[in-house]
Amino acid sequence: METCYINSPLGVTKIEGDVDGLMSISVLNNNEKLTDIIPEVLQDCVYQLNEYFEGKRQTFSLKLNPQGTDFQQKVWKALQTIPYGTTTTYLKLSQQLGDVKAIRAVANANGKNPLWIVIPCHRVIGSDGSLTGYAGGLHRKQWLLEHESPYKQQTLF
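Now for a description of the structure that goes with this document. (Residues numbered from 1 in each chain as written. Predicted model: local features only at pLDDT ≥ 70, side-chain atom pairs only at ≥ 80, totals over all residues. Heavy atoms only, no water.)

Topic: the nonpolar core
Part 1 of the argument: I15, I25, L49, L79 and W116 are the most contacted members of the largest nonpolar core, which has 37 residues in total.
Part 2 of the argument: The element best represented in this core is helix α1 (residues 43–53), accounting for 5 residues. (Core = buried A, V, L, I, M, F, W, Y, C linked by side-chain atoms within 4.5 Å. Buried < 20%, exposed > 50% of the residue type's maximum accessible area, 1.4 Å probe, protein only. Helix = DSSP H or I, 4+ residues; strand = E, 2+ residues; numbered from the N terminus.)

Shown next as structure tokens:
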């Protein structure tokens, strides 16, 4: 397993993976030392994440290998169908998966998503339009949704 730490607009990002694919991308709340030399198997991920943060990339083409239950894998696949710049709700996602009563299980699987941004769990909001739980912190979820929004807020100053 290879690991690297890179800087992003939302904090230090930890990336883990190997030749079988990416297993984990997470944002940290501490100041981990950044990686000087990016392992070859993680270089494309770093490149694509940088493009995303620069506003030059809306989809990712990376080999993924997240570890989870069959149900979690099903939810994570469904998350990847949410288009850039749009949101869905936990209710709609559970309906898409065929069981409206599974809304809590869907939310739980969403919260255990190991591939931050690449599997876009930040695009799932509450049925009332509210920003609900996000493992990386609601301030990061809001930043990501604003970053992807086609309607950019201009500053007055």
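From this point, the discussion proceeds with the structure in view.
Topic: the environment of E54
Part 1 of the argument: Among the structural elements, E54 can be located in the loop between α1 and α2 (70–79).
Part 2 of the argument: When its relative accessible area of 52% is taken as the criterion, E54 is described as exposed.

Re the sheet that holds strand β3 (residues 21–27)
Part 1 of the argument: Spatially, the 3 strands line up as an open sheet ordered β1-β2-β3, and their pairing is antiparallel. The open sheet has two edge strands, β1 (2–8) and β3, and neither has a second partner. Neighbour to neighbour, the strand axes of the sheet diverge by 20° on average, direction disregarded.
Part 2 of the argument: Of the strand pairs in this sheet, β1 and strand β2 (residues 11–18) are connected by 7 bridges, and their pairing is antiparallel. Residue pairing across strands places S8 opposite G11, the latter belonging to β2.
Part 3 of the argument: Contacts from α1 reach β1, β2 and β3, with the element oriented near 20° to β1. (Pairing = 2+ DSSP bridges. Axes fitted to C-alpha atoms, helices over the stretch in contact; angles between N-to-C directions. Contact = heavy atoms within 4.5 Å.)

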